[in-house]
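Observations on the three-dimensional arrangement
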Amino acid sequence: MPVITNIDDLKRLYQRRVPRMFYDYAESGSWTEQTFRENTSDFEDIRLRQRVAVDMTGRSTATQMVGQDVAMPVALAPVGLTGMQCADGEIKAARAAEAFGVPFTLSTMSINSIEEVAEATSAPFWFQLYTMKDQDYLSRLIERARAANCSALVITLDLQILGQRHRDLKNGLSAPPKLTIPTMMNLATKWRWGIGMLGAKRRDFGNIVGHVQGVSDPSSLMAWTGEQFDPSLDWDKIAKLKEQWGGKVILKGILDADDARMALKVGADAIVVSNHGGRQLDGALSSIRALPAILDAVGDKVEVHLDSGIRSGQDVLKAVAMGAKGTYIGRAFTYGLGAMGQAGVTRALEVIHKELDVSMALCGRRRVDELDRDILLVPEDFEGRWQ
């Protein structure tokens with residue numbers, strides 16, 4: 001077992017062990033990747049205020065997200081193609097999250113299906129919904145999530161039109177991989193990954209294949225998916241989806257104060273400040289830089305979470321101290337999954353938890369509900385002066 005002290009250690013193992021097209025899928029953004037880079041680098045501008053001679057015994061990182069008890073204010077974000085990073089990746093990530101005591105969010109574009117993840121776990125998980133043009137499929141997908149006892153519906157709002165990710169196009173991204181000569185040469189160097197995939201439950205999109213008429217192979221699947229994201233999604237449709245679900249709804253992809261107010265109007269249980277990990281609108285603000293204005297807009301009327309850019313427990317600490325009630329990790333757990341399977345996801349969570357716990361203590365706080373901006377040193381122009 002290699003010594004893992006931070007998320008970058010997992011990332012280096014991940015890059016060595018996973019085929020290039022799936023590494024690039026996770027480790028890239030759209031267009032120039034400016035927003036992708038700033039999601040992480042903007043956290044570095046925020047400093048922590050060290051406090052001493054404070055009783056640090058009896059610490060706890062436990063809190064709640066949308067009424068659910070969590071071991072720390074972290075959830076596993078929805079990540080498409082997780083089952084291509086590691087055989088049965090969604091199942092392994094969900095099991096790691098359940099054992100650790102944090103929420104797992106299954107993507108619509110997962111490899112393992114809703115039913116397969118539900119069968120392999122005992123704790124209810126969250127389901128992330130992409131809105132599709134096929135209303136019959138969309139309704140059946142919601143009913144499948146309900147039947148699997150999913151405890152929250154996470155509706156992603158920022159993928160009505162797919163942002164261009166140059167590396168995915170150049171790699172010919174698909175699930176399973178198309179066996180071109182460059183791909184086969186790369187796969188030949190990833191024998192550990194290949195052996196695992198031979199025993200995987202499936203290697204295609206489990207929430208789609210077998211549930212949509214005419215979709216039975218990679219080419220028909222990619223053609224269907226490419227034309228299904230619904231560009232007509234609006235707040236009326238979001239309100240109808242919330243009504244159809246009938247349970248807790250989390251709206252993901254909020255980056256503007258006006259949109260946060262609209263999410264409040266439709267009755268969201270939580271909103272996620274997110275720019276899709278820098279994979280959609282390049283040039284948009286980083287999530288941590290957008291967070292303060294959104295908090296000012298909605299106050300404590302709706303729970304605000306933050307996604308995009310979290311790579312450490314200190315990032316979690318900074319986001320929560322700024323006012324977020326929870327955070328999401330996508331790439332951080334994906335690195336662990338690709339590096340070491342379920343054990344790698346667990347290790348990623350352990351690393352983040354330890355960083356959060358120790359840093360919180362050194363800032364003079366013992367509980368998550370004690371975290372506030374008083375422990376932060378934020379640059380005066382952090383939110384920017386935009387015309």
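1. Structural notes on the pattern of salt bridges
- All chains considered together, the criterion is met by 23 salt bridges.
- For Lys252, the salt bridge is made with Asp307, and the minimal N-O distance between the two is 3.8 Å. Of this pair, Lys252 sits in strand β8 (residues 249-254) while Asp307 sits in the loop between β10 (303-306) and α15 (313-322), and the two are 55 residues apart along the sequence.
- For Lys252, a relative accessible area of 4% translates into the label buried.
- What emerges from the salt-bridge pattern is a single network uniting Arg49, Arg365, Asp372 and Asp374.

2. Focus on the sheet that holds strand β11 (residues 326-329)
- In space, the eight strands of this open sheet follow the order β4-β11-β10-β9-β8-β7-β6-β5, with parallel pairing throughout. If you trace the sheet from one side to the other, it starts and ends with β4 (74-76) and β5 (105-106), each paired once.
- As judged from the four bridges shared by β8 and strand β9 (residues 270-273), these two strands associate in the parallel manner. Residue pairing in the sheet places Lys252 in a bridge with Val272 of β9.

3. Section: unusual backbone geometry
- The step from Ala175 to Pro176 runs through a cis peptide bond, and the omega angle for that step is -5 degrees.
- Phi at Val66 is positive, roughly 45 degrees, even though this residue is not glycine.
- For Val66, the position within the fold is in the loop between β2 (63-65) and β3 (68-70).

4. Focus: helix α16 (residues 331-362)
- In this model, α16 (32 residues) spans only 27 Å end to end at C-alpha, well below the 46 Å of a helix rising 1.5 Å per residue.
- Taken as a whole, α16 carries its principal kink of about 145 degrees at Met340.
- Following α16 by one or two positions, Gly364 has its phi on the positive side, about 85 degrees.

Criteria and cut-off values
- Residue positions within a chain follow its written sequence, with the count starting from 1.
- Given that this is a predicted model, residues contribute local features only at a pLDDT of at least 70 and side-chain atom pairs are listed and counted only at 80 or more, while totals for whole chains, interfaces and linings are drawn from all residues.
- Heavy atoms from the whole structure form the basis of all side-chain values; hydrogens and water molecules are not counted.
- Within this document, salt bridges are pairs made up of a side-chain nitrogen of Lys or Arg and a carboxyl oxygen of Asp or Glu, the two lying within 4 Å of each other.
- Starting at the N terminus, helices and strands are each numbered in turn, a helix being any DSSP run of H or I of at least four residues and a strand any DSSP run of E of at least two.
- Burial classification: accessible surface area is computed with a 1.4 Å probe over protein chains only, and a residue below 20% of its type maximum counts as buried, one above 50% as exposed, and the rest as partly exposed.
- Any two strands with at least two DSSP-identified bridges between them are counted as paired.
- Here, expected helix span is obtained from the residue count minus one, scaled by 1.5 Å.
- Note that the bend at a residue is defined as the angle between axes fitted to the seven residues ending at it and the seven residues starting at it.

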